[in-house]
Amino acid sequence: MVGSIVVYMTNLFQSAGLEASAPTPLAEALRPRTLEDVVGQSHLIGPEGPIGRMLAQSRLSSMILWGPPGVGKTTIARLLADRAELEFVQLSAVFSGVADLRKAFEAARARRESGRGTLLFVDEIHRFNRAQQDGFLPYVEEGVVTLVGATTENPSFELNGALLSRAQVFVLNRLDADALEGLLARAEEYVGRALPLDASGRDTLIGFADGDGRYLLTLADEVFLAEDEVLDSAGVAALLQKRAPAYDKSRDEHYNIISALHKSMRGSDPDAALYWYARMITGGEDPRYIARRLVRFASEDIGLADPTALMIASEAARAYERLGSPEGDLALAHAVVHMATAPKSVAVYAGYKAAMRAARSTGSLPPPKHILNAPTKLMKDIGYGDGYAYDPSTETGFSGQDYFPDGMEREQFYAPKGDGRERSIKDRLEMWAKMRDENK
């Protein structure tokens, strides 16, 4: 049997015009052989991690592995099957359909009857539609398969609730610099020589990988070919094509990055805000979407603490409409920095929401008669406008009359803390409240 496999593989290489001894790509050659070899995911597969604890108890539940590309999802699934002594069956939701699923389930059922379990690994599981995802449920419930799904998208949005209730979701980390450095060290040990890089070139190579271990090893394959010179940062940049950062303006990363921009501005950090703004622009986001979010931010998070923020955000949006990219991008950057450095107040936003709740709960209460216009004699006779005080003509410019509906207690919806320009507003409101109490 072994001899026939060797002959088959030799013929396969020859038919492709390759020698059987053709070099194996580093990403494949260095694929971990045990779970202990997997880098960057000890929070899951280490002794104290949830998957590590499962294995220690000799059990394995169905799970969804959620994480960016190149962090070990497929490798972990394969090694889990080895550790649990399950048959490893792999499908890709991109290339598989209902017929492929049916065959996999039938084979798993037959395998189970003979005493062997099946780990069904489904790559890009979010690509299956809702009906196809529902098809997994009976086989998972019966234990015909242990399902391990891999996805780069947020399972909360992309997977059925019924499927999620039968599988645990584990989040895999993007590989950090230390983990990537460990992979480069393994590559150098495997090849038998150091990468031709100085310190800056090594840092640049790791930066190019953007947290993707598989991509890092693919890049290292190319760098090993540069035998005649030691590359610095500029040399690495010239040798390699840097891929665009992970950003999908219609999916989960879109919402993550806009959230980071919003929270950086709210946290008064202009540098972080500019960084996330730049990430969105380089990722291909429509600047008009960013402009709309800036206008919303000016109203929601700054409000009357700096009334110019809304004007600046609106003008930046108009400037972008006139100029387009790249000239208009700078106007939006101007607005981003202004939003981040402006004093913050949610008093108007909170007051508006509170007033909306009150309006819904009080129904159709009419205004008090003293603030109703009385254009006809009949309306005057029934009390419209009776007793109304014209505030600008009073001695203090403030009458303190009640403008809430009859039968409704006065409520305070707008309560500024006193930051920025709201300091003087807060002082006036406190003075008016005191005068209102004195006039009772």
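Residues numbered from 1 in each chain as written. Predicted model: local features only at pLDDT ≥ 70, side-chain atom pairs only at ≥ 80, totals over all residues. Heavy atoms only, no water.

Caption draft 1: Main features of the overall build of the chain. Helix and strand content of the chain: 22 helices and five strands. Computed over C-alpha atoms, the radius of gyration of the chain comes to 32 Å, more than 25% over the 22 Å expected from 2.2 N^0.38 for 440 residues, which places it beyond the range of a compact globule. Summarising its shape, the C-alpha atoms of the chain cover approximately 110 × 60 × 40 Å along the three principal directions. In the chain, which comprises 440 residues, the share counted as buried stands at 40%. Contacts in the chain between residues at least 24 apart in sequence constitute 73% of all its contacts with a sequence separation of at least 6. Of the roughly 24,700 Å² that the chain leaves accessible, carbon and sulfur atoms contribute 54%. (Helix = DSSP H or I, 4+ residues; strand = E, 2+ residues; numbered from the N terminus. Rg over C-alpha atoms; globule rule 2.2 N^0.38 Å. Buried < 20%, exposed > 50% of the residue type's maximum accessible area, 1.4 Å probe, protein only. Contact = heavy atoms within 4.5 Å. Areas by Shrake-Rupley, 256 points an atom, 1.4 Å probe, with all protein chains shown as cover.)

Caption draft 2: Looking closely at helix α18 (residues 308-323). For α18, built from 16 residues, the straight-helix expectation of 22 Å at 1.5 Å per residue is met to within 8% by its first-to-last C-alpha distance of 22 Å. For α18, the set of buried residues is Ala309, Ala313, Ala316, Ala317, Ala319 and Tyr320. Looking down the long axis of α18, one finds its buried residues gathered within 160° of arc, a one-sided arrangement. Opposite the buried face of α18, at more than 90 degrees from it, the exposed residues are Met311, Glu321 and Arg322. The secondary structure elements touched by the buried residues of α18 are α17 (287-302) and α19 (327-341). Phi turns positive, to about 70°, at glycine 324, one or two residues after α18. (Expected span 1.5 Å × (residues − 1). Arc of directions from axis to C-beta.)

Caption draft 3: Highlighting the nonpolar core. Core analysis: the largest hydrophobic core is formed by 50 residues, its most contacted members being Ile51, Met63, Leu80, Leu119 and Leu205. Membership of the second largest hydrophobic core comes to 28 residues, among which are Ile257, Tyr277, Ala298 and Ala319. (Core = buried A, V, L, I, M, F, W, Y, C linked by side-chain atoms within 4.5 Å.)

Caption draft 4: Molecular detail of the layout of surface pockets. Considered as a void within the structure, the second largest pocket measures approximately 490 Å³ in volume. Contributions of two or more residues to the lining of the second largest pocket are made by α2 (26-29), α5 (73-84), β4 (146-151), α11 (177-191) and α13 (213-223). (1 Å grid on protein atoms, 1.4 Å probe; cavity = no way out; pocket = protein on both sides within 12 Å on 5 of 7 lines; lining within 4 Å. Points joined across faces, edges and corners; volume = space filled by probe spheres on them.)

Caption draft 5: Local environment of the sheet that holds strand β1 (residues 63-66). Strand order in the open sheet formed by five strands is β2-β3-β4-β1-β5, with parallel pairing between adjacent strands. Each of the sheet's edge strands pairs with one partner strand only, and the pair in question is β2 (87-92) and β5 (168-171). The sheet shows a mean angle of 20° between the axes of neighbouring strands, taken without regard to direction. In terms of strand pairing, β2 meets strand β3 (residues 118-123) through six bridges, oriented parallel. In the strand pairing of β3, phenylalanine 88 is matched with leucine 119. α5 rests against β1, β2, β3 and β4 of the sheet, and its axis sits at about 175° to β3. (Pairing = 2+ DSSP bridges. Axes fitted to C-alpha atoms, helices over the stretch in contact; angles between N-to-C directions.)

Caption draft 6: Representation of a nonpolar patch on the surface. On the surface, a nonpolar cluster with roughly 350 Å² of combined accessible area is contributed by Tyr388, Tyr390 and Tyr403. The residue tyrosine 388 is located in the loop between α21 (377-381) and α22 (422-438) in this model. (Patch = residues over 30% accessible without salt bridge, like charges linked within 9 Å, V, L, I, M, F, W, Y side chains within 5 Å. Salt bridge = Lys/Arg side-chain N within 4 Å of Asp/Glu carboxyl O.)

Caption draft 7: Fine view of the packing of aromatic side chains. The full count for this structure, using the stated rule, is seven aromatic pairs. In this structure an aromatic cluster arises from ring pairing among Phe105, Phe128, Phe136 and Tyr139. (Phe/Tyr/Trp six-rings, centres within 6.5 Å; stacked < 30°, edge-to-face > 60°.)

Caption draft 8: Focus on the packing of α17 against α19. The N-to-C vectors of α17 and α19 enclose an angle of 20°; their axes lie 11 Å apart at closest approach. One element, α17, and the other, α19, form an angle in the roughly parallel class. Seen along the crossing, α17 lies across α19 with a hand that is left-handed. Note on element contacts: α19 touches α17 through Asp329, Leu332, Ala335, Val336 and Met339, opposite Pro287, Ala291, Leu294, Phe297, Ala298 and Ile302. Grouping the constituent residues of the contact of α17 with α19 by class yields ten nonpolar, no polar and one charged. (Parallel < 35°, antiparallel > 145°, perpendicular 65-115°, else oblique. Left-handed = near helix turned anticlockwise from the far one by under 90°. Nonpolar A, V, L, I, M, F, W, Y, C, P; charged D, E, K, R; others polar.)

Caption draft 9: Quick peek at the pattern of salt bridges. For the structure shown, the criterion picks out 16 salt bridges. For glutamate 188, the salt bridge identified is with arginine 202, shortest N-O distance 2.9 Å. Of this pair, glutamate 188 sits in helix α11 while arginine 202 is found in helix α12 (residues 199-209), placing the two residues 14 residues apart along the sequence. According to the relative accessible area criterion, arginine 202 is buried, its value standing at 16%.

Caption draft 10: Molecular detail of the packing of α18 against α19. Viewed as axis vectors pointing N to C, α18 and α19 meet at an angle of 170°, and their least axial separation amounts to 7 Å. By the angle between their axes, α18 is roughly antiparallel relative to α19. Packed against α18, whose contacting residues are Thr308, Ala309, Ile312, Ala313, Ala316, Ala317, Ala319, Tyr320 and Leu323, the element α19 presents Glu327, Gly328, Asp329, Ala331, Leu332, Ala335, His338 and Met339 at the interface. For the contact of α18 with α19, the class distribution of residues is twelve nonpolar, three polar and two charged.

Caption draft 11: Looking closely at α11. Helix length check: α11 (15 residues) gives 21 Å between terminal C-alpha atoms against 21 Å at 1.5 Å per residue, within 8%. Those residues of α11 not exposed but buried are Ala179, Leu180, Leu183, Leu184, Ala187 and Glu188. If you follow the buried residues of α11, they end up packed against α2, α12 and α13. Of the residues flanking the start of α11, the one acting as N-cap is aspartate 176, its side-chain oxygen 3.3 Å from the backbone nitrogen of aspartate 178. Directly beyond the C-terminal end of α11, a positive phi value near 95° is found at glycine 192. (Polar contact = N/O pair within 3.5 Å; in protein donor to acceptor, adjacent residues only side chain to side chain.)

Caption draft 12: Local environment of unusual backbone geometry. Of note, the amide linkage connecting serine 325 to proline 326 takes the cis form, showing an omega dihedral of 0°. Among the secondary structure elements, proline 326 is positioned in the loop between α18 and α19. Phi angles above zero are rare outside glycine, and aspartate 210 is one such case at about 55°. Tracing the backbone through its elements, the reader meets aspartate 210 in the loop between α12 and α13.

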